Amino acid sequence: MVHCPECESTLAEASDVEFVETEATTGIIAASKRFYAVECAECGTTLGSGVAGAKAGGNAA
Ligand SMILES: [Zn+2]
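Thresholds, definitions, all that
- Residues numbered from 1 in each chain as written.
- Predicted model: local features only at pLDDT ≥ 70, side-chain atom pairs only at ≥ 80, totals over all residues.
- Helix = DSSP H or I, 4+ residues; strand = E, 2+ residues; numbered from the N terminus.
- Buried ≥ 20, exposed ≤ 12 C-beta atoms within 10 Å, placed from the backbone.
- Contact = placed C-beta atoms within 7 Å.

The name an unreviewed UniProt entry assigns to the chain is Small CPxCG-related zinc finger protein, from the organism Natronoarchaeum mannanilyticum.

Okay, here's the thing in structure tokens:
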């Protein structure tokens, strides 16, 4: 269970946070990685971020 450090909301469910997926646009890393950030649904504070699944072979949707 996660608590938001800003508004102290308890973030227990997926609906309590916003997963913001960001396309990598810097060219060098755009080929295989997507970044995401997790934001508090109450106040919008970014709680964390990371790389969601490096994909081999590209994913040109
Ligand atoms: Zn919050």
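There is more to say after this.
S.K.: So what's going on with the overall build of the chain? Which residues, and what values?
M.R.: Each helix and strand counted, the chain has zero helices and five strands in total. Each of the 61 residues in the chain was classed as buried or not, and the buried ones make up 3%. Residue pairs in contact within the chain that sit at least 24 positions apart in sequence constitute 32% of those at least 6 positions apart.

S.K.: For the environment of Asp-16, give the residues involved together with the corresponding values.
M.R.: With respect to the helices and strands, Asp-16 occurs in the loop between strand 2 (10-11) and strand 3 (17-23). Along the chain, Asp-16 and Glu-39 lie 23 residues apart, while their C-alpha atoms are 8.8 Å from each other.

S.K.: Lay out the environment of Val-20 in plain terms, naming residues and giving numbers.
M.R.: Examined against the element boundaries, Val-20 turns out to sit in strand 3. The spacing of Val-20 and Glu-39 is 19 residues in sequence and 7.4 Å in space, taken between C-alpha atoms. When residues no more than four places from it in sequence are discounted, the contact partners of Val-20 are Tyr-36, Ala-37 and Glu-39.

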